[in-house]
Protein chains: 2
Amino acid sequence: MRIALDAMGGDFGPPTLVAGAVMALREYHHIQKLYLVGDERQIESELEKHRFVDSRIEIVHSTQVVDMSDRAWSAVRRKKDSSVSRAVDLVKRGEADAIVSAGHTGAAVAASMIKLRTLEGIDRPGIAAVLPTQFNVFVLIDAGANIDARPDHLLQYAIMGSVYSRHVLGYKNPTVGLVSLGDEDVKGTELTKEVFKMLKLSSLNFVGNIEGRHLFEDPVEVVVCDGFVGNVILKTCESISVAIFKWLKDELTRTGMRKTGAFLARHAFNAIKEKTNYEEYGGSPLLGVDGICIIAHGASTPLAIKNALRVAAESIEQQVNPHIVEEVRHYHETTAALEPALG
Amino acid sequence: MRIALDAMGGDFGPPTLVAGAVMALREYHHIQKLYLVGDERQIESELEKHRFVDSRIEIVHSTQVVDMSDRAWSAVRRKKDSSVSRAVDLVKRGEADAIVSAGHTGAAVAASMIKLRTLEGIDRPGIAAVLPTQFNVFVLIDAGANIDARPDHLLQYAIMGSVYSRHVLGYKNPTVGLVSLGDEDVKGTELTKEVFKMLKLSSLNFVGNIEGRHLFEDPVEVVVCDGFVGNVILKTCESISVAIFKWLKDELTRTGMRKTGAFLARHAFNAIKEKTNYEEYGGSPLLGVDGICIIAHGASTPLAIKNALRVAAESIEQQVNPHIVEEVRHYHETTAALEPALG
């Protein structure tokens, strides 16, 4: 499998991205080729620091970078030689099987939509983030690709999230919940009320509206929302678990007795910390484009980049796209025929 | 001070609400009068269970209840004798100084807006929830009153949140952040981009867009967002901290050594648990109405209701409304004059 890494995007630039690439190549021997796309000189100099030579690496030089202050669509149109555009080009030409980017999310989404196009039946792609609870993991879709979502986009997210949940996470008949303000179908915005009706008619295992408080206490397997809300949920979750563990550490080191207690119980903390550490998840697939694009955190560490490359490799193996196309077609053949009855 | 409690609203009904009222009257001697508004027979029977007789209690009979499946505005118009409407009436007539409701949030907001009206210069009220971090507490506004927010509503939330933060939480010049997808002003929805411009022009201590990840790692003092997003943040935060502590408990009781460790370190857990337990916060003021209305959790326990009554009593003492009116007037006298320059 061949992966194209946007070696410029991300809060910490090439040093972190190249370090993550080196970690991944050392660990994952099934990666056959890794394109590092970006400024050749910077990438080479980073590789030299690691004294890392590997024939699987190919540097693809590009002269531009999408800045965080650029507007997504115009950045893709204007900066033709940006690292993210060039990386997507490799997938488009069939030279790579997947792209990984920790840069400007909007630009990665726009480049993928423009160059790879969306899958048949899908209007807008969505980011599928996998989040852990004590009891399960769930898919949050859309975690930030599309902030101007229409009802049919959210319906498509529900279908794609269910397919992902079934084929990748192994849930047989995943439960689907719609993020809203209360359980009742009258609660929510015009958007969520419309989506509620559509999901109710579908053959998905829709359990109704869910509030933030259900996410972790009584979790469903697919959580559907627009990209603004999804991004807020994702970032809030990551932030609060990091913050609680820092806070705990602070409290646990306050006295000798607490320190001793913390030492005896250390495996309990590690068990949870490992499961909630977003660096272990690495990146989230952008579902709905005709190709594989993994969106990594802007603040990715080398460990997170390594894991994003692992997620890319897994996605190449899993090939969920044909299943998405089939499932959307099935929806239109069955449920969509009922829609006029909605009134 | 005289408080009107909606004794019917909330997931667990009169038993929980009356139990909370009894706890509050036993502890807070400065509450001079507590109206329990709702079905007389149910309320009396609950008081009997507690063998609680107190001359400060006055039952105000009402025959209707707003159900969670009712639409907010039509419920207020159609159910004239609902407990929440009757409770707001008491404030309107000057018989009570504040209302507390754990029922249908939308109905409490609508009843307050219709009967008490909004403050001069305020178009839509917002719920100001106080959330703890390791380092400070911050105000999240709007936590769920207004899901169809316009840019000027969010500006008003920023002003009200700053006033609350200064007068109640004691921050001298509170920092204000706008919830969005990235730090840059080009990131976000049409709504947030417009609000960004308005806040930048204002004399508030606006620090720019904040992402979910800043909420706890690098917190500001006033967090501004629309009611849908605010409610999702609030519920997610509550849910995730409850979930992490349950999870920790589970891991900490897995072996004898871990149990011993947990026992030695128990004060560390308690310190954090107490600070993150929403029951201790009880309720959040609905800022912007011409009166005092405290919104409690639907799933409030008696302890949460007791604390919501404490928050009501504190709000009666603090009287932030005149400060809000003054601050909004100041904004219009200074900043609004600059607005045409916005273009």
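Calculation notes
- Residues numbered from 1 in each chain as written.
- Chains lettered and ligands numbered in written order.
- Predicted model: local features only at pLDDT ≥ 70, side-chain atom pairs only at ≥ 80, totals over all residues.
- Heavy atoms only, no water.
- Axes fitted to C-alpha atoms, helices over the stretch in contact; angles between N-to-C directions.
- Helix = DSSP H or I, 4+ residues; strand = E, 2+ residues; numbered from the N terminus.
- Parallel < 35°, antiparallel > 145°, perpendicular 65-115°, else oblique.
- Left-handed = near helix turned anticlockwise from the far one by under 90°.
- Contact = heavy atoms within 4.5 Å.
- Nonpolar A, V, L, I, M, F, W, Y, C, P; charged D, E, K, R; others polar.
- pLDDT = per-residue confidence, 0-100.
- Buried area = accessible area lost by both parts, 1.4 Å probe.
- Salt bridge = Lys/Arg side-chain N within 4 Å of Asp/Glu carboxyl O.
- Polar contact = N/O pair within 3.5 Å; in protein donor to acceptor, adjacent residues only side chain to side chain.
- Pairing = 2+ DSSP bridges.
- Core = buried A, V, L, I, M, F, W, Y, C linked by side-chain atoms within 4.5 Å.
- Buried < 20%, exposed > 50% of the residue type's maximum accessible area, 1.4 Å probe, protein only.

1. Overview of the packing of helix H9 (residues 227-252) of chain A against helix H11 (residues 266-276) of chain A
Residues and elements named next belong to chain A. With their axes 11 Å apart at the nearest point, H9 and H11 run at an angle of 155 degrees to one another. For the element pair H9 / H11, the angle class is roughly antiparallel. In the packing of H9 onto H11, the handedness of the crossing is left-handed. Residues Ser241, Phe245, Leu248 and Leu252 of H9 form the contact with H11, whose participating residues are Phe269, Ile272, Lys273 and Thr276. Residue classes in the contact of H9 with H11 are distributed as 5 nonpolar, 2 polar and 1 charged.

2. Here we look at the confidence of the model for chain A
On average, residues of chain A score 92 in pLDDT, and 97% of them reach the 70 mark or higher. Per the prediction output, this complex has pTM 0.91; the corresponding ipTM is 0.88.

3. Examining the interface of chain B and chain A
On the chain A side, the residues contacting the 62 residues of chain B number 62 residues. Between chain B and chain A the total buried area reaches about 5700 Å² when both faces are included, carbon and sulfur atoms providing 74% of it. Three residues, Gln134, Phe228 and Trp247 of chain B, lead the burial of chain B against chain A; their summed loss comes to 13% of the area buried on that side. The interface formed by chain B and chain A includes 2 salt bridges. Its salt-bridge partner being Lys235 of chain B, residue Glu211 of chain A comes within 2.4 Å of it at the nearest N-O pair. Counting across the chain B and chain A interface gives 6 residue pairs in polar contact (both at pLDDT 80 or more). Listing elements by their share of the side of chain B that touches chain A, those giving two or more residues are helix H7 (190-201), helix H8 (214-217), helix H9 (227-252), helix H10 (256-264) and helix H11 (266-276) of chain B. It is H9 of chain B that provides the largest number of residues to the side of chain B that touches chain A, a total of 22 residues. Here the side of chain B that touches chain A is composed, by residue class, of 28 nonpolar, 18 polar and 16 charged.

4. A closer look at the sheet that holds strand E1 (residues 2-6) of chain B
Working definition: the strands of a sheet are paired by backbone hydrogen bonds and lie parallel or antiparallel to each other. Residue and element names in this part refer to chain B. Pairing is mixed across the open sheet formed by 11 strands, whose spatial order is E3-E2-E1-E4-E11-E10-E5-E6-E9-E7-E8. Taken across any chain shown, the strands that pair with only one partner, and hence form the sheet edges, are strand E3 (57-61) and strand E8 (205-210). In this sheet, neighbouring strand axes are inclined to one another by 25 degrees on average, regardless of whether the strands run parallel or antiparallel. Both strand E5 (residues 126-132) and strand E6 (residues 137-141) contribute to a ladder of 5 bridges, which runs antiparallel. If you follow Pro132 over to E6, its bridge partner there is Val137.

5. Observations concerning the nonpolar core
Counting 98 residues, the largest nonpolar core has Leu140 of chain A together with Leu140 of chain B as its most contacted members. Ignoring anything within four residues of it in the chain, the contact list for Leu140 of chain B reads Ile127, Ala128, Ala129, Leu131, Val223, Cys225, Gly230, Ile233 and Leu234 of chain B.

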